[in-house]
Amino acid sequence: HGESGEGDEPKEAAEPGDFAVKRLLCHDKEGLQNAQGEAKVLAKLPRHPNIVRYWGSSTRTVQRGGQTVTEVLLLTGLYHGGGLQDAIQAHREDGGSLSEMQLLQLYQQIVAAVGHLHAQSP
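Residues numbered from 1 in each chain as written. Predicted model: local features only at pLDDT ≥ 70, side-chain atom pairs only at ≥ 80, totals over all residues. Heavy atoms only, no water.

*Asks:* Mind showing me how you'd approach the side chain of glutamine 102 here?
*Replies:* Within the secondary structure layout, glutamine 102 lies in helix α3 (residues 100–118). Since its relative accessible area comes to 11%, glutamine 102 is described here as buried. One polar contact links the side chain of glutamine 102 to the main-chain amide nitrogen of serine 99, over a distance of 2.8 Å. (Helix = DSSP H or I, 4+ residues; strand = E, 2+ residues; numbered from the N terminus. Buried < 20%, exposed > 50% of the residue type's maximum accessible area, 1.4 Å probe, protein only. Polar contact = N/O pair within 3.5 Å; in protein donor to acceptor, adjacent residues only side chain to side chain.)

Structure representation (structure tokens):
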């Protein structure tokens, strides 16, 4: 996991080829509809500096436990900085804690991202 420090800005991918894949196994029609719905929402979402970028999705049929299931793959940018819990844990391991300014910066980034999501129409 990456480092977190005062003034760190979130970034999408450290390198142009750095991606993350979210795998959604769909065992029934409802699960597939939910996964495809998530992909559609992500595709419509305008870019924001505090939200990793969505690049696309793919669907394939796979064998799992003797069953044929549909797998939806969501491709996003990979954020190397870790999450909020990672930042807190890294400071704990160093024997310290996040400063008030660091907490305020993290809070501002979270609020900005959530505000952006809530401003979108379904």
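*Asks:* Before we go on, may I ask you to explain the environment of arginine 47 in this structure?
*Replies:* Within the secondary structure layout, arginine 47 lies in the loop between α1 (29–44) and β2 (54–64). Classification of arginine 47 by relative accessible area gives exposed; the value is 53%. Between the alpha carbons of arginine 47 and histidine 116 there is a distance of 9.3 Å; along the sequence they are 69 residues apart.

*Asks:* Could you clarify how one ought to interpret the nonpolar core in this entry?
*Replies:* Generally speaking, soluble globular proteins have nonpolar side chains that are buried together. Ranked by size, the top nonpolar core spans seven residues in total: Leu24, Cys26, Ala35, Ala39, Tyr54, Val72 and Leu74. If you list the elements that add at least two residues to this core, you get β1 (19–26), α1 and β3 (67–77). Not counting chain neighbours up to four residues away, the residues in contact with alanine 39 comprise Tyr54, Ser57 and Leu74. (Core = buried A, V, L, I, M, F, W, Y, C linked by side-chain atoms within 4.5 Å. Contact = heavy atoms within 4.5 Å.)

*Asks:* Where do I start with the pairing of β3 in this structure?
*Replies:* Successive residues of a regular strand alternate their side chains across the two faces of the sheet. Sheet analysis places β1 next to β3, joined by eight bridges and oriented antiparallel. For lysine 22, the partnering residue across the bridge sits in β3 and is leucine 74. Inspection of the sheet shows β2 paired to β3 by ten bridges, in the antiparallel sense. Across the sheet, residue serine 57 finds its bridge partner in β3, namely leucine 74. Counting the residues in the hairpin turn of β2 and β3 gives two residues, including glycine 65, whose phi is positive at 60°. (Pairing = 2+ DSSP bridges.)

*Asks:* Help me understand α3 in this model?
*Replies:* Since the α-helix turns once every 3.6 residues, residues separated by three or four places project in the same direction. Taking 1.5 Å per residue as the helical rise, α3 with its 19 residues ought to reach 27 Å, and the 26 Å between its terminal C-alpha atoms agrees with that figure. Inspection of α3 places Gln102, Leu106, Gln109, Ala113 and His116 among the buried residues, and these make up the whole buried set. Buried residues in α3, looked at end-on, bunch into an arc of 95°, giving them a common side. Away from the buried face of α3 by more than 90 degrees, exposed residues Glu100, Tyr107 and His118 are located. Structurally, α3 contributes buried residues whose contacts are with α2 (84–93). (Expected span 1.5 Å × (residues − 1). Arc of directions from axis to C-beta.)

*Asks:* Teacher, can you tell me more about the pattern of salt bridges here?
*Replies:* Should the charged atoms of two oppositely charged side chains come close, the side chains can pair. Counted by the stated rule, this structure contains four salt bridges. For arginine 60, the salt bridge identified is with glutamate 71, shortest N-O distance 2.6 Å. Linking arginine 60 in strand β2 with glutamate 71 in strand β3, this pair joins segments that are eleven residues apart in sequence. When its relative accessible area of 0% is taken as the criterion, glutamate 71 is described as buried. Each of Arg23, Arg60, Arg64 and Glu71 takes part in a single network of salt bridges with overlapping partners. (Salt bridge = Lys/Arg side-chain N within 4 Å of Asp/Glu carboxyl O.)

Nothing here speaks to function; it is geometry throughout.
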